[in-house]
Amino acid sequence: MTNDLQSTWAAVDTLAEDWLGVNDGVLEEVMARCTRAALPAIAVSPCQGRFLQLLARVSGAKRVLEIGTLGGYSTIWLARALPKGGKIVTLEIDPHHARIARENFALAMVDALIELREGPALKTLAALEQELPSPFDLVFIDADKPNNPRYFEIALRLSRPGAIIVVDNVVREGAVLDDSGVNHSAEGSREVLRLMGETPAAEATLLQTVGVKGYDGFAIAVVGGAE
Ligand code: SAH
Ligand code: DHB
Ligand code: MG
């Protein structure tokens, strides 16, 4: 989207990054490496990365699951929120993305906290369901959008009561309103939102966002009742 509003949103993000100290040299270098490696410019923005970090912090998340690593930009934000002994499992299908992400984890000195599993996420998630004893405290779903309902269902099963599940890009400039069925990403958004609403074991909201990445939004659910 290129219009007046977009340049205002981007300028406000720049102001926020500047005044709130959201960015730093390591994260800028990580982004620069993603760009040099020709990765698509679809990572979360700095302010969104900080938002994910704050969610992880306020919830005291120790085990984080991320679906869709790309160059590891959002992963690094989340890793920085982890307490001692914390761990992130992040899933990526593209070997080139995975290689760049691994380099970035080392650069940001968070590689010891992160387990990157390569392959189609649905397959890796099925394996995780079999093998992992301890459930996740926070799940960030940010991969192929048509699979969002599948990812949410599995995330529910892999989450402890009180866990947070965040789904990125559910608004996409209002495409979530498109009920024609031809936009498979929009269908993924619509289905995951309905599913969140129909799931008694989840309480969810949709937070619309504007900024350097345009107009989009996060769906955010908390799993289970208060204990
Ligand atoms: N979370 C990242 C951005 C992820 S972009 C950030 O904000 O920094 C989406 C990523 O999901 C891409 O790297 C893409 O290769 C990956 N992806 C797409 N389909 C996938 C699948 N079926 N399984 C695992 N990863 C997938
Ligand atoms: C796309 C994917 C993302 O995860 C994102 O944050 C923005 C765009 C995309 O596939 O176009
Ligand atoms: Mg995204």
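Figured I'd write up the structure that's included with this text. (Residues numbered from 1 in each chain as written. Chains lettered and ligands numbered in written order. Predicted model: local features only at pLDDT ≥ 70, side-chain atom pairs only at ≥ 80, totals over all residues. Heavy atoms only, no water.)

Strand direction decides the pairing type here: strand β6 (residues 202–209) and strand β7 (residues 216–223), joined by 8 bridges, are antiparallel. For Q208, the partnering residue across the bridge sits in β7 and is G217. Connecting β6 to the antiparallel partner β7 that follows it, the hairpin turn spans 6 residues, and G214 within it adopts a positive phi of roughly 95°. (Pairing = 2+ DSSP bridges. Helix = DSSP H or I, 4+ residues; strand = E, 2+ residues; numbered from the N terminus.)

Right, let's talk about the layout of surface pockets for a bit. Its boundaries defined by the atoms lining it, the largest pocket holds a volume of some 640 Å³. Around the largest pocket sit 32 residues that line it, and I42, D142, A143, K145 and N169 are the ones nearest its centre. For the lining of the largest pocket, the secondary-structure elements that each account for two or more residues are α4 (73–79), β2 (87–92) and α6 (121–131). Residues of the lining of the largest pocket, tallied by class, amount to 14 nonpolar, 10 polar and 8 charged. Approximately 290 Å³ is the volume attributed to the second largest pocket. If you trace the second largest pocket, you find 20 residues lining it, with M31, A43, V44, S45 and P46 closest to the centre. When contributions to the lining of the second largest pocket are tallied by element, the ones reaching two or more residues are α1 (4–20) and α2 (25–36). For the lining of the second largest pocket, the element with the most residues is α2, which contributes 4 residues. Residue composition of the lining of the second largest pocket, grouped by class: 13 nonpolar, 4 polar and 3 charged. (1 Å grid on protein atoms, 1.4 Å probe; cavity = no way out; pocket = protein on both sides within 12 Å on 5 of 7 lines; lining within 4 Å. Points joined across faces, edges and corners; volume = space filled by probe spheres on them. Nonpolar A, V, L, I, M, F, W, Y, C, P; charged D, E, K, R; others polar.)

This part is about the coordination of the magnesium ion (ligand 3). With distances of 2.0 to 2.1 Å, the protein atoms coordinating the magnesium ion (ligand 3) are D142 (OD), D168 (OD) and N169 (OD1). On the primary sequence, the residues serving as donors to the magnesium ion (ligand 3) are separated as D-x25-D-N. Judged by its relative accessible area of 8%, N169 is buried. (Donors = N, O, S within 2.8 Å, 3.2 Å for Na, K, Ca; no water. Buried < 20%, exposed > 50% of the residue type's maximum accessible area, 1.4 Å probe, protein only.)

Turning next to the site of ligand 2. Surrounding ligand 2, one finds I42, D142, K145, D168, N169, R172 and K213. At 3.0 Å, a backbone N or O of I42 approaches an oxygen atom of ligand 2. Between ligand 2 and the protein, one listed contact pairs an oxygen atom with a side-chain N or O atom of K145 at 3.1 Å. Judged by the proximity of its atoms to the pocket grid, ligand 2 belongs to the largest pocket. (Near = heavy atom within 4 Å. Polar contact = N/O pair within 3.5 Å; in protein donor to acceptor, adjacent residues only side chain to side chain. Sits in = over half its atoms within 2 Å of the grid points.)

Any functional reading would require information that these geometric values do not contain.
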